[in-house]
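These are the residues of each chain, in order.
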Amino acid sequence: MTEPGEIAVTSQLPGTFYRRPSPDAEPFVSEGDPVEATDTIGLVEVMKSFYEIQAEHRGIVGRFLVESGDPIEAGQEIAVLWARE
Amino acid sequence: MKVLVANRGEIAVRVIRACRELDLSPVAVYSEPDEEQLHCRLADEAVCIGPAQAAASYLNADALVAAALETGAELVHPGYGFLAESASFAAACSDAGLVFVGPSPETIRAVGDKAAARETARAAGIPTVPGSHGVVAPAGVAAVAEEVGYPLLLKAAGGGGGRGIRTVETPADLDAACAAAAREAGAAFGDGSLYVEKLLVGARHVEVQVVGDRAGTVAHLHERECSVQRRRQKLVEEARAPALRHETRDAIAGAAVRLAESIGYVGAGTVEFLLDRDERFYFIEANARIQVEHPVTELVTGVDLVKEQLRVALGERLSFGGDVAIHGAAVEFRINAEDPARGFFPSPGTVTALHWPGGPGIRVDTALQAGTKVLPFYDSLVAKLVVWGRTRAEALSRARRALEEVHVEGIETTVPFHLRLLDDSRFVEGAYDTTLLEDLERAPA
């Protein structure tokens, strides 16, 4: 759930959520990182294909609402961004 | 005697049917969201093996072995995908006193690593696509690439299902392609090692079905044509391959049997080749399992391949031999939960209405029913429509009739793509290669 000044990032696709491009890699972003709208914050695996989830807004990564490897529904909120100037 | 069916979807249903015909008792396994799936209902028992994600359920070897031991199953059939080509799963089954329905762990290892399989084929005197010997260290790729020549393919040694492969057109693209292929291979297979193959443009993908028994007999059931591929994913397969010279058919069948014999092959397997325009053939890989497209071979030979797998696993001899006669032509159309109008984008969802075709020459292998949830966690294949005719032309006219009868609501499927394919003159004439779909996708709808 989002508080005032927070922006939710959602996944349009259902599937399995990942925060890293591959198991041994660093996460795409971490809490506190500044992001642009086109930055990738995670992947969703749908029927063995991978799709990027973009931040969609300029902001700072506040917190993730889903653990890496968890199943997600279409439209589910994945992370919270704090707005930044 | 009980058989644990270590899979889901249409192949689990297919194995359950074979078990029934052999008077074996099928035991299904399921992930939590799969409890209502058809395979659970058709089996005598069903055991939950974990949560939705395949890594924690259908790929969980410990949970599968435990399910077999707990239910008193004596055989384990892996289907295709998931753990079907895992040497360590096959070994875990035999260590637990279970019969794995497939080749030995040693045989799976000999062909499971795709770079090692090339060496196995060369040792058996079978031509391979020009390329590296074994895997190549990242530092050595550029030198090997120069020797092999461009365009080339970078392939994951642990790959399969068309994943972990990158085409490289020029030396400038090599570094980025190496990184991408290794990353995809590492993510999908946990092994990022790569090998190099020359890209054969305009080649046909033809494979040979083999079956071996424990007495050391290996026989083939002729070839299948699998050149209708999108991004290295097969969409349509047929038996036999149209428009091949007799000598070519005999040569690839002989090579496939020779390879299988050289590694003491037991069970059903497939040896895949690329054929260039002059019908020179090159080994690409071998699959130590039942193949998705096995029904086309069943329809033209009359041999039930899954029953054959089970019988061989129980120690029986092959039920056929010699040059098995071919009757007619068969074509399989993969019905995937994908939207061909949106670049084959995945289309999970709940099926709200469903009708499958029937009548002469039609076989539908599926686990889909009205109300079934097509889940995003698993493969997009939801059904295989397989048609048979006395001639290829009859099979194709039945295909059109049957595809037009399919009615699925709630998800998008590849049916419209198949109907369009049936309008393509190269496909209809049987004069196509692996570039067919690239051309079809470039053409306006």
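Look above for the structure.
In this report, we go over the structure that sits alongside the text.

Conventions used here
Residues numbered from 1 in each chain as written. Chains lettered and ligands numbered in written order. Predicted model: local features only at pLDDT ≥ 70, side-chain atom pairs only at ≥ 80, totals over all residues. Helix = DSSP H or I, 4+ residues; strand = E, 2+ residues; numbered from the N terminus. Rg over C-alpha atoms; globule rule 2.2 N^0.38 Å. Buried ≥ 20, exposed ≤ 12 C-beta atoms within 10 Å, placed from the backbone. Contact = placed C-beta atoms within 7 Å. Pairing = 2+ DSSP bridges. Nonpolar A, V, L, I, M, F, W, Y, C, P; charged D, E, K, R; others polar. Arc of directions from axis to C-beta. Axes fitted to C-alpha atoms, helices over the stretch in contact; angles between N-to-C directions. Core = buried A, V, L, I, M, F, W, Y, C linked by C-beta atoms within 7 Å. Domains from an automatic or database assignment.

## Some remarks on the overall build of chain B
Along the backbone of chain B there are 15 helices and 22 strands. Relative to the compact-globule value of 22 Å for 445 residues, chain B shows a C-alpha radius of gyration of 21 Å, a close match. Dimensions of chain B, computed from the C-alpha atoms along their principal axes, are close to 55 × 50 × 45 Å. Expressed as a percentage of the 445 residues in chain B, the buried residues total 54%.

## A short note on the overall build of chain A
A tally of regular secondary structure across chain A gives zero helices and eight strands. Its helices and strands in sequence order give chain A the pattern β-β-β-β-β-β-β-β, from N to C terminus. For a compact globule of 85 residues, the expected C-alpha radius of gyration is about 12 Å, and chain A comes in at 12 Å, within 12% of that figure. With respect to the three principal axes, the spread of C-alpha positions in chain A is 40 × 25 × 20 Å. In chain A, once contacts between residues fewer than 6 apart in sequence are set aside, the share between residues at least 24 apart is 59%.

## Remarks on the sheet that holds strand β4 (residues 40-46) of chain A
Residue and element names in this part refer to chain A. Within the open sheet, the four strands sit side by side as β5-β4-β2-β7. Their pairing is antiparallel. Two strands bound the open sheet, and with one partner strand each, they are β5 (49-54) and β7 (71-72). Across three bridges, the pairing between strand β2 (residues 15-18) and β4 is antiparallel. Pairing of Phe17 across the sheet is with Val44, part of β4.

## Observations concerning the interface of chain A and chain B
Every contact between the two is made by 13 residues of chain A and, on the other side, 13 residues of chain B. Split into classes, the residues belonging to the side of chain A that touches chain B amount to six nonpolar, five polar and two charged.

## What about the environment of Glu316 of chain B?
Mapping Glu316 of chain B onto the fold places it in the loop between α11 (305-313) and β14 (329-336). A C-alpha to C-alpha distance of 14 Å links Glu316 of chain B and Leu305 of chain B, two positions 11 residues apart in sequence.

## Observations concerning helix α3 (residues 61-71) of chain B
Every α-helix carries 3.6 residues per turn, so stepping three or four residues along brings you back to the same face. Residues and elements named next belong to chain B. Considered for burial, the residues of α3 that qualify are Leu64, Val65, Ala67 and Ala68. Buried residues of α3, viewed axially, fall in a sector of 155°; they line one side. Residues of α3 that are exposed and point over 90 degrees away from its buried face: Asp62 and Glu70. Each element contacted by the buried residues of α3 is listed here: β1 (2-5), β2 (25-31), β3 (45-50), β4 (75-77) and α4 (87-95). The positive-phi residue at the C-terminal boundary of α3 is Gly72, with phi of around 80°.

## A look at the sheet that holds strand β13 (residues 281-287) of chain B
Residue and element names in this part refer to chain B. Spatially, eight strands are ordered β13-β12-β9-β10-β11-β14-β21-β19 in an open sheet, and the strand pairing comes out antiparallel. Strands at the two margins of the open sheet, each flanked by one partner only, are β13 and β19 (362-366). Sheet twist, expressed as the mean angle between neighbouring strand axes with direction ignored, is 25°. In terms of strand pairing, strand β10 (residues 218-230) meets strand β11 (residues 233-239) through four bridges, oriented antiparallel. Counted as the bridge partner of Glu225 is Glu238 from β11.

## Focus: the nonpolar core
Residue and element names in this part refer to chain B. Ranked by internal contacts, the top residues of the largest apolar core, which has 147 residues, are Leu4, Val5, Ala256, Phe273, Ala330 and Val331. There are two domains that each give this core at least three residues, and those are domain 1 (2-101) and domain 3 (204-442). Ignoring any residue separated from it by four or fewer positions in sequence, one finds Ala330 in contact with Glu238, Ala239, Val296, Leu299, Val300, Val386, Val387, Trp388 and Ala395. Counting 19 residues, the second-largest nonpolar core is a separate cluster that includes Val141, Val168, Ala182 and Val196.

## Regarding the environment of Glu85 of chain B
All names here are of chain B. With respect to the element layout, Glu85 can be found in the loop between β4 and α4. Taking the C-beta count within 10 Å as the criterion, Glu85 has 22 such neighbours and is therefore assigned buried. Spatially, the C-alpha atoms of Glu85 and Gly321 are 26 Å apart, while their sequence positions differ by 236 residues.

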